[in-house]
Amino acid sequence: MGSAAAFDFSRASLPTQLFINNEYVDPKTPATFSVYNPRDDSLVSDKVPQAGLDDVNAAVAAATAAFPQWKAITASERRRILLKFAALVRDHAEALGELTRVTLGAPYNAFGKFEIGLCADAFEYNAGWIDKFAGEAYPQQDGFMRITRHEPLGVTAGIVPWNGPLGTVGLKAAPALATGNCFILKPSEKTPFAALALGALIKEAGFPPGVFQVLSGDGQTGALLASHMQIRKVSFTGSIATGKRIQKMAAESNLKRVTLELGGKSPAVVFNDSNLDNAVTWCVNAITTNSGQVCFAASRVYVQEGIFDQFSQKYKAALEERAKRINDPEHEDTLMGPLVDKAQFQRVTGFVERGAQTNKLLTGGQRVGDKGFFIQPTVFTGVEPDAELYREEIFGPVSILNSFKTEEEVVKKANAIEYGLMAGVFTQDINKALRVASEFESGMVGINCISLNFLNVPFGGSKQSGLGRECGRSVLEHFTEPKTVMINLTY
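**Student:** Go over the overall build of the chain with me, naming the residues and quoting the values.
**Tutor:** Tallying secondary structure elements over the chain gives 15 helices and 22 strands in all. Over its C-alpha atoms the chain spans a radius of gyration of 23 Å, differing by no more than 12% from the 23 Å that the globule rule assigns to 491 residues. Principal-axis analysis of the C-alpha atoms gives the chain an extent of 70 × 65 × 40 Å. Scored against the burial criterion, the 491 residues of the chain give a buried share of 56%. When contacts within the chain are restricted to residue pairs at least 6 apart in sequence, those whose partners lie at least 24 apart make up 75%. If you average the places of the 49 positive and of the 52 negative side-chain charges in the chain, the two averages end up 3 Å apart.

Written out as structure tokens, the structure is:
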């Protein structure tokens, strides 16, 4: 288990060095950037290191040197290291949560504890696969036996988003390391500190030098990783636009593998026969968790005409009740904190202001307080299919609420845009539920639930919401190369 001595970072002593080859180091070319606290826009640090080309090259060289040893260690030793790292993350959850909260603004009890737990859970889950990710053997035929095996790719990288800065580390780093790859982590420039602090835990867990490294930086650092000729895989979570650029850089460099977990505009379809209170609860939680800054938030809600008025009243009342718990993220009873920064606040309020000009506002739409980046949960009704509120990912606590008549109509509406990350259907008719679930153009579907994921099943989207999958056995396949071995039995 970890000890306090192994982890002494705090808000008063922020990690402001890169973690390369099991050591904290300054960037080779001195360059830094600034981050701010979204609760009041105060400066948190102007000394966050910006990794440049020399730093990326140093990390890749260390990973390349470490790879033969790491892929060859015994399964029990690799599992022991991953499990110890998971335990260390749990031991220091509150400190890691503080390092995230200071720039993300997510309350610890409402979100931080969950996403740090997800990181630890992911390392434990993937550690369990280490000696169970087997290949296949085919019966002898024509004098040949055929077997397959899964081999690690080599040096891999993960570019994680600001809205789940440690949870997504678990989703990317854990399967990469479990399958024998070395891994370079690039946290978001908006929430870098918890990831940088992992270096101390990486070292204490027993990862050999070069196996697991952390490089902070902005999009320039991400581009260096995506285009590097010795990195064999990059896993990215973020916007569609950035994902397309990463895929292009990966193709134009060494045709490295790419996993893209991109945006969402998830539809929740509520039928007349649904459990109304259950549907309201899921839809409210799905648009207010992390202040709506979640890729699979239920931001398009379609309710059948027979219960539309009832649902609207309950949805409005529940969101207004939730708005009473908007507060300083340092307070234990806060459920909703601020948006992550000024740029995101301006983006979300811009959508709200433009939407209010042509659509009916059911609730919300106002800033909360006179400092920081707090905003009420906001709902527009009767939004037309060509409106930006309908088609664009807002990434804040803003949803649309529309009515529908028939199953065929709502399926068509749900599938009418380029996002396909998650969808939900609420009904007590299991036949209808399964029928609608099969018709959704979506990588994930919830029945009587929405906006959730599990470590043991694939997570990802269709259409422009992504490429590849995280979680479950699927992610292990994305971090390995299948090899076919053919044995001549007549020799």
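Here the narrative resumes, following the displayed structure.
**Student:** Tell me what's going on with the packing of aromatic side chains, and back it up with residues and numbers.
**Tutor:** All told, the structure shown has 16 aromatic pairs when counted by the stated rule. Plain terms: the ring middles of phenylalanine 85 and phenylalanine 123 are 4.6 Å apart, the flat faces sit at 55 degrees to each other, and that makes the pair tilted. One end of the pair, phenylalanine 85, is in helix H2 (residues 75-91); the other, phenylalanine 123, is in helix H4 (residues 108-127), and 38 residues separate them in sequence. Judged by its relative accessible area of 0%, phenylalanine 85 falls in the buried class. Looking at phenylalanine 123, the relative accessible area reads 0%, which means it is buried. Judged by centre distance (6.3 Å) and plane angle (65 degrees), the rings of tyrosine 302 and tyrosine 390 are edge-to-face.

**Student:** Report on the layout of surface pockets, specifying residues and quantitative values.
**Tutor:** Roughly 390 Å³ of volume is contained in the second largest pocket. If you list the elements that add at least two residues to the lining of the second largest pocket, you get H2 and strand S6 (144-152). Looking at the lining of the second largest pocket element by element, the count peaks at five residues for S6. Residues that form the lining of the second largest pocket fall into these classes: nine nonpolar, eight polar and four charged.

**Student:** Help me get a handle on the packing of H2 against H4, residues and values and all.
**Tutor:** The interhelical angle for the contact between H2 and H4, taken along N-to-C directions, is 165 degrees, at an axis separation of 9 Å. What the angle tells us is that H2 and H4 run roughly antiparallel. Relative to H4, H2 is oriented so that their crossing is left-handed. Facing Arg79, Leu82, Leu83, Phe85, Ala86, Val89 and Arg90 of H2, the residues of H4 in contact are Ile116, Gly117, Cys119, Ala120, Asp121, Phe123, Glu124 and Ala127. Class assignment for the residues of the contact of H2 with H4 results in 10 nonpolar, one polar and four charged.

**Student:** Could you give me a rundown of helix H6 (residues 193-205), with the residues and numbers involved?
**Tutor:** The end-to-end C-alpha separation of H6 is 19 Å, in line with the 18 Å expected for 13 residues at 1.5 Å each. For H6, the principal kink sits at glycine 199 and spans about 30 degrees. In terms of burial, H6 is largely enclosed, as 11 of its 13 residues are buried. In the stretch just after H6, glycine 206 is the one whose phi turns positive, near 105 degrees.

What counts as what
- Residues numbered from 1 in each chain as written.
- Predicted model: local features only at pLDDT ≥ 70, side-chain atom pairs only at ≥ 80, totals over all residues.
- Heavy atoms only, no water.
- Helix = DSSP H or I, 4+ residues; strand = E, 2+ residues; numbered from the N terminus.
- Rg over C-alpha atoms; globule rule 2.2 N^0.38 Å.
- Buried < 20%, exposed > 50% of the residue type's maximum accessible area, 1.4 Å probe, protein only.
- Contact = heavy atoms within 4.5 Å.
- Lys, Arg positive; Asp, Glu negative; His and termini not counted.
- Charge placed at Lys NZ, Arg CZ, Asp CG, Glu CD.
- Phe/Tyr/Trp six-rings, centres within 6.5 Å; stacked < 30°, edge-to-face > 60°.
- 1 Å grid on protein atoms, 1.4 Å probe; cavity = no way out; pocket = protein on both sides within 12 Å on 5 of 7 lines; lining within 4 Å.
- Points joined across faces, edges and corners; volume = space filled by probe spheres on them.
- Nonpolar A, V, L, I, M, F, W, Y, C, P; charged D, E, K, R; others polar.
- Axes fitted to C-alpha atoms, helices over the stretch in contact; angles between N-to-C directions.
- Parallel < 35°, antiparallel > 145°, perpendicular 65-115°, else oblique.
- Left-handed = near helix turned anticlockwise from the far one by under 90°.
- Expected span 1.5 Å × (residues − 1).
- Bend = angle between axes of the 7 residues up to and from the residue.

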